[in-house]
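Here are the chains, one letter per residue:
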2 protein chains.
Amino acid sequence: MAKPFDDYVVRPDPHDPRLTERVRGIDHTGTSVATGVVVERALTIFLNRQEIVTAMTINDYPEYLALGYLLNQNMLQPADVVTGVDYDEELAVVVVRTERATNYEQKLKKKVQTSGCAQGTVFGDLMEVIETARLPMAEFRTSWLYALTGKINTTPSLYLEAGAIHGCVLARRDGPLVYMEDVGRHNAVDKIAGWMFRERVAAHDKIFYTTGRLTSEMVIKTVRMGIPILVSRSGFTAWGVELARKAHLTLIGRARGKRFVALAGEDRIVFDQDLAYVEEESAKHRRKAAVHDE
Amino acid sequence: MAKPFDDYVVRPDPHDPRLTERVRGIDHTGTSVATGVVVERALTIFLNRQEIVTAMTINDYPEYLALGYLLNQNMLQPADVVTGVDYDEELAVVVVRTERATNYEQKLKKKVQTSGCAQGTVFGDLMEVIETARLPMAEFRTSWLYALTGKINTTPSLYLEAGAIHGCVLARRDGPLVYMEDVGRHNAVDKIAGWMFRERVAAHDKIFYTTGRLTSEMVIKTVRMGIPILVSRSGFTAWGVELARKAHLTLIGRARGKRFVALAGEDRIVFDQDLAYVEEESAKHRRKAAVHDE
């Protein structure tokens with residue numbers, strides 16, 4: 001018999017003692033309590049000799065995060081030959097080395113001017129990704145959606161353990177493959193991008209699921225990865241919808257229980273599920289959803 | 001008779017046509033639907049002659065956002081004399097002018113190296129804020145908390161209208177004063193900081209409420225504003241808790257229905273509320289909570 005969660009290649013390890021801390025406080029009755037909180041750590045990413053950024057992360061996959069960050073910033077190209085990814089735990093530094101010489105001094109200057117940390121988003125030449133996107137035709141069956149979200153919602157995770165965390169899942173058909181969590185939702189996306197690059201995983205038959213909102217930045221990253229379908233239990237921003245339509249990305253939001261709304265790339269959706277057999281979210285899942293706003 | 005929401009000086013205007021867009025798509029039954037989505041716009045902030053950042057915002061209060069952003073980045077000092085805040089709608093630019101000459105070229109370089117856009121957080125000299133914090137003694141009654149969250153949850157907002165948005169509220173005792181929303185939760189915080197600066201509002205008797213997580217960045221900004229109490233319906237990160245304890249900030253999270261957990265500055269809390277008279281969150285509020293993960 002197959003074990004539950006057998007399909008996963010990578011999934012959260014909520015019992016990893018490095019990822020949460022027990023802290024004491026008081027609850028609403030004034031009683032002393034101990035509770036788990038997620039740990040955030042600074043990780044500095046270098047590309048060859050150049051310091052690029054310090055990210056706050058739970059730091060479970062520093063190598064994937066570094067690769068994915070650089071790819072999603074367009075500093076590393078899919079065709080680049082990576083000669084090494086060296087992580088030094090003590091220094092909290094990860095260095096990505098490439099065959100090609102790199103120098104992003106100009107790019108880093110540009111970034112200052114086009115982005116607000118944790119506020120704006122990095123566009124610049126990333127918009128080219130949208131203009132030149134050629135996402136593959138693919139089908140997305142509603143039966144997969146319901147099976148997939150059911151599996152994701154019941155997978156043991158840091159979010160069920162301690163809250164205050166975002167999650168992203170890479171899936172194929174109705175099977176989740178990689179489930180990454182992080183304090184920043186962009187870290188979770190980048191770790192999946194890094195995993196796909198490192199493991200040479202094809203994108204055309206994949207589905208990307210996120211707990212976060214469907215913003216322009218989320219759409220650009222999904223298109224950058226070459227994945228044709230993006231699903232979220234959260235909502236949309238207007239620019240996210242506009243970019244998804246331009247790139248012909250299938251954009252599905254507010255996916256909860258039997259409900260969802262698709263605002264772009266609707267032609268990929270195959271309505272094969274008899275809704276009479278799909279349950280509304282149970283009270284238990286509603287509570288879970290509530291934790292997710294963190 | 002007082003009108004409801006009379007206490008507010010600033011509150012969301014969910015019917016402002018500039019803030020949402022109607023878009024068409026299909027729902028889970030394959031039926032064509034129209035739905036409201038929040039608009040995000042690029043706004044470029046200048047400090048005197050220097051371009052500082054381009055933020056993605058709903059752009060309802062560009063002047064407050066610019067002032068608050070600069071204050072929270074430590075580029076504008078509380079004692080600075082602002083000689084003008086000029087917003088050009090067509091160019092999507094806001095320029096803050098100060099009596100003091102400013103030059104943050106070095107600072108901007110540093111920012112590149114210490115932050116990841118929408119991933120990391122801007123620390124650098126902001127950590128000084130924690131080290132030197134002298135937050136006032138104040139009391140925080142649990143009866144205020146329950147009255148306050150009840151009022152906030154029923155205030156008409158973009159979040160109830162279209163989802164996918166964060167909210168922050170500045171309050172005094174059990175009365176909400178300023179309720180700001182934005183696509184980025186840091187924008188919502190910064191707009192409140194800008195409002196307080198512009199309107200010369202005292203911080204020592206205020207309470208800050210956020211829908212977002214209690215991360216290190218959120219704690220630093222609250223301490224920077226001089227507000228002694230920070231409340232969220234979301235959870236904590238370990239570093240957020242650590243910094244709050246260092247700065248003696250009262251940190252209350254997971255505030256839903258009658259429940260909450262306090263992990264720092266517990267001594268300011270006065271348990272004056274008889275919990276027998278507080279309701280658990282209704283199913284209606286649970287749904288609202290669920291929308292909030294966006």
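Refer to the structure printed above.
Scope of this entry: the structure provided in the associated data block.

What counts and what doesn't
Residues numbered from 1 in each chain as written. Chains lettered and ligands numbered in written order. Predicted model: local features only at pLDDT ≥ 70, side-chain atom pairs only at ≥ 80, totals over all residues. Heavy atoms only, no water. Helix = DSSP H or I, 4+ residues; strand = E, 2+ residues; numbered from the N terminus. Buried < 20%, exposed > 50% of the residue type's maximum accessible area, 1.4 Å probe, protein only. Areas by Shrake-Rupley, 256 points an atom, 1.4 Å probe, with all protein chains shown as cover. Core = buried A, V, L, I, M, F, W, Y, C linked by side-chain atoms within 4.5 Å. Axes fitted to C-alpha atoms, helices over the stretch in contact; angles between N-to-C directions. Parallel < 35°, antiparallel > 145°, perpendicular 65-115°, else oblique. Contact = heavy atoms within 4.5 Å. Nonpolar A, V, L, I, M, F, W, Y, C, P; charged D, E, K, R; others polar. Salt bridge = Lys/Arg side-chain N within 4 Å of Asp/Glu carboxyl O. Phe/Tyr/Trp six-rings, centres within 6.5 Å; stacked < 30°, edge-to-face > 60°. Pairing = 2+ DSSP bridges. Right-handed = clockwise from strand over helix to strand, strands pointing away. Expected span 1.5 Å × (residues − 1).

## What about the overall build of chain A?
Part 1 of the argument: When its secondary structure is counted, chain A shows 9 helices and 14 strands.
Part 2 of the argument: Burial analysis of chain A (294 residues in total) assigns 63% to the buried set.
Part 3 of the argument: Just so you have it, chain A exposes about 11500 Å², and 49% of that area is on carbon and sulfur atoms.

## With respect to the nonpolar core
Part 1 of the argument: The biggest cluster of nonpolar side chains holds 42 residues, and the ones touching the most others in it are F208, V219, V223 and L251 of chain B.
Part 2 of the argument: For this core, the element with the highest residue contribution is helix α6 (residues 185-198) of chain B, accounting for 6 residues.
Part 3 of the argument: Among the nonpolar cores identified, the runner-up in size contains 41 residues, and V10, Y64, V178 and A193 of chain A belong to it.

## Side note on the packing of α6 of chain B against helix α7 (residues 216-225) of chain B
All names here are of chain B.
Part 1 of the argument: Closest axis-to-axis distance for the α6/α7 pair is 11 Å, and the angle between their directions is 5°. As the angle between them shows, α6 and α7 are arranged roughly parallel. Residues R185, H186, V189, D190, A193 and M196 of α6 touch α7, and the partners they reach there are E217, M218, K221 and M225.
Part 2 of the argument: Of the residues assigned to the contact of α6 with α7, the class counts are 5 nonpolar, 1 polar and 4 charged.

## Comments concerning the pattern of salt bridges
Two side chains carrying opposite charge are able to pair once their charged atoms lie near each other.
Part 1 of the argument: Evaluated as defined, the whole model comprises 20 salt bridges over all chains.
Part 2 of the argument: Linking K221 of chain A and D190 of chain A is a salt bridge whose minimum nitrogen-to-oxygen distance equals 3.2 Å. Of the two residues, K221 of chain A is situated in helix α7 (residues 216-225) and D190 of chain A in helix α6 (residues 185-198); the sequence distance between them amounts to 31 residues. Neither K221 of chain A nor D190 of chain A differs from the other in exposure class; each is buried.
Part 3 of the argument: Between E242 of chain B and K246 of chain B there is a salt bridge, with its nearest N and O atoms 3.8 Å apart. Taken together, the residues E242 of chain B and K246 of chain B, both in helix α8 (residues 238-247) and 4 residues apart, mark about one turn of the helix.
Part 4 of the argument: Overlapping salt bridges bring together D60, D182 and K191 of chain A as one network.

## Here's the deal with helix α8 (residues 238-247) of chain A
Part 1 of the argument: Among the residues of α8 of chain A, those classed as buried are A238, G240, V241, L243, A244 and A247 of chain A.
Part 2 of the argument: In the core, the buried residues of α8 of chain A are packed alongside α3 (127-131), α7, β12 (250-256) and β13 (259-264) of chain A together with β1 (20-27) and β2 (32-38) of chain B.
Part 3 of the argument: Taken from the residues just after α8 of chain A, H248 of chain A is the one with a positive phi, measuring 55°.

## Observations concerning the packing of aromatic side chains
Residue and element names in this part refer to chain A.
Part 1 of the argument: As enumerated under the stated definition, the model contains 6 aromatic pairs over all chains in all.
Part 2 of the argument: Relative to Y179, the ring of Y8 has its centre 6.4 Å away and its plane inclined at 35°; by these criteria the two rings are tilted. Of this pair, Y8 sits in the segment before β1 (20-27) while Y179 sits in strand β9 (residues 175-182); the two residues are 171 residues apart in sequence, bridging distant segments of the chain. For the pair shown, Y8 and Y179 are each scored as buried.
Part 3 of the argument: Taking 5.7 Å as the distance between ring centres and 35° as the angle between the ring planes, the aromatic pair formed by Y61 and Y64 counts as tilted.

## Structural notes on the pairing of strand β5 (residues 82-88) of chain A
Residues and elements named next belong to chain A.
Part 1 of the argument: Note: β5 against strand β6 (residues 93-98), 6 bridges, orientation antiparallel. Within the sheet, the bridge partner assigned to V82 lies in β6 and is T98.
Part 2 of the argument: The loop that links β5 with its antiparallel partner β6 comprises 4 residues; one of these, A92, has a positive phi angle of about 55°.

## Quick notes on the sheet that holds strand β2 (residues 32-38) of chain A
Hydrogen bonding along the main chain pairs the strands of a sheet, whether they run parallel or antiparallel.
Part 1 of the argument: Sheet architecture is open: 8 strands sit in the order β2(A)-β1(A)-β13(B)-β12(B)-β11(B)-β10(B)-β8(B)-β9(B), paired in mixed fashion. A strand with exactly one partner marks an edge of an open sheet, and here the two such strands are β2 of chain A together with β9 (175-182) of chain B. Put simply, the sheet's adjacent strands are angled 30° from each other on average, direction ignored.
Part 2 of the argument: Helix-sheet contacts for helix α4 (residues 142-154) of chain B involve β8 (166-172), β9, β10 (206-210), β11 (229-232) and β13 (259-264) of chain B, and the interaxial angle to β9 of chain B is about 45°.
Part 3 of the argument: Sheet contacts for α8 of chain B: β1 and β2 of chain A together with β12 (250-256) and β13 of chain B; angle to β13 of chain B, the most-contacted strand, approximately 60°.

## A short note on the environment of V81 of chain B
Residue and element names in this part refer to chain B.
Part 1 of the argument: Positionally, V81 belongs in the loop between α1 (62-72) and β5 (82-88).
Part 2 of the argument: Among the residues examined, V81 registers a relative accessible area of 40% and is labelled partly exposed.
Part 3 of the argument: Along the backbone, V81 and E99 are 18 residues apart, and their C-alpha atoms lie at a distance of 5.6 Å.

## Quick notes on the pairing of β12 of chain A
All names here are of chain A.
Part 1 of the argument: Counting buried residues along β12, 7 of its 7 residues qualify, which places the element largely inside the surrounding structure.
Part 2 of the argument: Two elements, strand β11 (residues 229-232) and β12, share 3 bridges in a ladder whose sense is parallel. If you follow V231 over to β12, its bridge partner there is I252.
Part 3 of the argument: Between the parallel pair β11 and β12, the chain is carried across by α8, and the sense of this crossover is right-handed.
Part 4 of the argument: As paired strands, β12 and β13 are joined by 4 bridges and run antiparallel to one another. Bridge pairing in β13 links I252 to A262.

## Observations regarding the sheet that holds β5 of chain B
Residue and element names in this part refer to chain B.
Part 1 of the argument: Read from one edge of the open sheet, 4 strands run β4-β3-β6-β5, paired in mixed fashion. The strands lining the two open edges of the sheet, one partner per strand, are β4 (50-57) and β5. For this sheet, the mean angle separating the axes of adjacent strands, direction not counted, is 20°.
Part 2 of the argument: On the sheet, α1 packs against β3 (41-47), β4, β5 and β6 (93-98) and is oriented at approximately 55° with respect to β3.

## Regarding α4 of chain B
Part 1 of the argument: For α4 of chain B, which comprises 13 residues, the first-to-last C-alpha distance of 19 Å matches the rise-based estimate of 18 Å (1.5 Å per residue) to within 8%.
Part 2 of the argument: Regarding α4 of chain B, the residues found buried are T142, S143, W144, L145, Y146, L148, T149, I152 and N153 of chain B.

## Quick look at the environment of L230 of chain A
All names here are of chain A.
Part 1 of the argument: Residue position: L230 is located in strand β11.
Part 2 of the argument: Between the alpha carbons of L230 and L170 there is a distance of 9.8 Å; along the sequence they are 60 residues apart.
Part 3 of the argument: Those residues within four positions of L230 in sequence are excluded, and the remaining contacts are F208, T210, L214, M218, V219, T222, L249, T250, L251 and I252.

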